[in-house]
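One-letter residues, chain by chain:
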Amino acid sequence: TLPTFAGGDIEVFRTWVMQQIKYPQIAIQNNIAGKVVLQFVVDKEGYIETDNIKVMQSPNNLLSDEVIRILKISPQWTPGTINGKPNKVKYTLPITFKFQRDSM
């Protein structure tokens, strides 16, 4: 079985990540937006291996660093299993940063 986060799947986790993100002010000021794609592993105990997070795509380090910051504070997952034994599972997580200018 796949790991679960707060009783849900990777989309529940993605929603949690989006709720935690603070769009870096300097990125907004410099019109930096786009998609960040990270790979991470949920270990046999249900924790994200924080030393093993890989940035696959990012328009700027400001954005990828913010997503990494959130992954590092992730609560414990329920680990995945194979044949009833805990197992590591790798995920790819896309997060899109976009901002809206106030219209006047």
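Structural data are supplied above this passage.
Here is what the cut-offs are and how they apply
Residues numbered from 1 in each chain as written. Predicted model: local features only at pLDDT ≥ 70, side-chain atom pairs only at ≥ 80, totals over all residues. Heavy atoms only, no water. Phe/Tyr/Trp six-rings, centres within 6.5 Å; stacked < 30°, edge-to-face > 60°. Buried < 20%, exposed > 50% of the residue type's maximum accessible area, 1.4 Å probe, protein only. Helix = DSSP H or I, 4+ residues; strand = E, 2+ residues; numbered from the N terminus. Pairing = 2+ DSSP bridges. Axes fitted to C-alpha atoms, helices over the stretch in contact; angles between N-to-C directions. Contact = heavy atoms within 4.5 Å.

### Describing the packing of aromatic side chains
Here's step 1: Applying the stated criterion across every chain yields a total of 10 aromatic pairs.
Here's step 2: Here Phe5 and Phe13 contribute two aromatic rings whose centre-to-centre distance is 4.9 Å and whose plane-to-plane angle is 75 degrees, an arrangement assigned as edge-to-face. There is no split in this pair, since Phe5 and Phe13 are both buried.
Here's step 3: Between the aromatic rings of Phe13 and Trp77, the centroid separation amounts to 4.8 Å while the plane-to-plane angle is 50 degrees, which identifies the pairing as tilted. Separated by 64 residues along the polypeptide, Phe13 in helix α1 (residues 10-20) and Trp77 in the loop between α3 (61-72) and β3 (80-82) bring together distant segments of the chain.
Here's step 4: By relative accessible area, Phe13 is classed as buried at 0%.
Here's step 5: An aromatic cluster is defined as three or more aromatic residues linked by ring pairs; in this entry it consists of Phe5, Phe13, Trp16, Phe40, Trp77 and Tyr91.

### Thoughts on the sheet that holds strand β2 (residues 54-57)
Here's step 1: Strand order in this open sheet of 3 strands is β2-β1-β5, and the pairing throughout is antiparallel. Of all strands in the sheet, those with a lone pairing partner are β2 and β5 (89-97), marking the two edges. Each strand of the sheet is rotated relative to its neighbour by a mean of 25 degrees, with strand direction disregarded.
Here's step 2: Bridging between strand β1 (residues 34-42) and β2 involves 3 bridges; their strand directions are antiparallel. Residue pairing for β2: Val37 is matched across the bridge by Gln57.
Here's step 3: Strand contacts of α1: β1 and β5, with the helix running at about 45 degrees to β5, the strand carrying the most contacts.
Here's step 4: Against the sheet, α3 touches β1, β2 and β5, its axis set at about 30 degrees to β1.

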